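A closer look at the structure
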Amino acid sequence: MKEVLADAEGGHDWWHIYRVWNLSKHIAQTENVDMFVVELGALLHDIADAKFHGGDEAIGPRKARVFLSSLNVEETAITHVENIIANISFKGGKDPQKFKSSELDVIQDADRLDAMGAMGIARTFNYGGYKNREIYNPDIKPNLEMSREEYKQSTAPTINHFYEKLLLLKNRMNTPTGKRMAEHRHTFMEHFLDEFYKEWHGDT
């Protein structure tokens, strides 16, 4: 993954994988899961993020299968990892998840935690800069009714992403550990936004 993501955007690079991997191992300590699948899924979950591959959501699972097959990993584990990669993303948060497993719950929580708190703020603004988006525009309101395609194609200011995704994640965690950690990170983001608007208006 270090090699695959050597030139990746800073919010979706090897260090994102590293953090999700470590968070997954931490959350899994109190869950009844197959740690082999958890670690493989965490390490490979962004092997080919659709947003950087023309929206192709099949490329990630496909690349993971080719790689794992080359290592003679058992078919059941490969299929499980494919399903994790295909179902982990937020994608607007409206479509029902087609696959569920305890291993996916753990990795999904870890991935969502990395989109929250100080790290989530840093990643969000990094991606907004990468896409040359406005930081904030009070005339462009967050759209909480976006379809999956609208979410994928959105060019809205970065601040809008807090309302369209990041602040929604706290209530979408799967595990007790994930929920506990999300509370802290959610509160941090709320404090950040309070300060942001004060500074935007010159109040502080």
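Predicted model, so just to flag it, every value in this text is computed and none were measured. (Residues numbered from 1 in each chain as written. Predicted model: local features only at pLDDT ≥ 70, side-chain atom pairs only at ≥ 80, totals over all residues. Heavy atoms only, no water.)

Within the secondary structure layout, Arg123 lies in helix α6 (residues 117–130). A distance of 3.5 Å separates the side chain of Arg123 from the side chain of His12, its partner in a polar contact. Those residues within four positions of Arg123 in sequence are excluded, and the remaining contacts are Glu9, Gly11, His12, His16, Arg19, Asp114 and Ala115. (Helix = DSSP H or I, 4+ residues; strand = E, 2+ residues; numbered from the N terminus. Polar contact = N/O pair within 3.5 Å; in protein donor to acceptor, adjacent residues only side chain to side chain. Contact = heavy atoms within 4.5 Å.)

Our next topic: helix α2 (residues 35–44). Along α2, the residues that are buried comprise Val37, Val38, Leu40, Gly41, Ala42 and Leu44. Put simply, Asp34 is the residue that caps the front of α2, since its side-chain oxygen is 3.0 Å from the backbone nitrogen of Phe36. (Buried < 20%, exposed > 50% of the residue type's maximum accessible area, 1.4 Å probe, protein only.)

This next bit is on helix α3 (residues 59–70). Between its first and last C-alpha atoms α3 spans 17 Å; for twelve residues at 1.5 Å apiece the expected length is 16 Å, and the two agree. When we look at burial in α3, the residues that qualify are Ile59, Gly60, Pro61, Ala64 and Leu68. Among the residues trailing α3, Asn72 stands out with phi positive, at a value near 60 degrees. (Expected span 1.5 Å × (residues − 1).)

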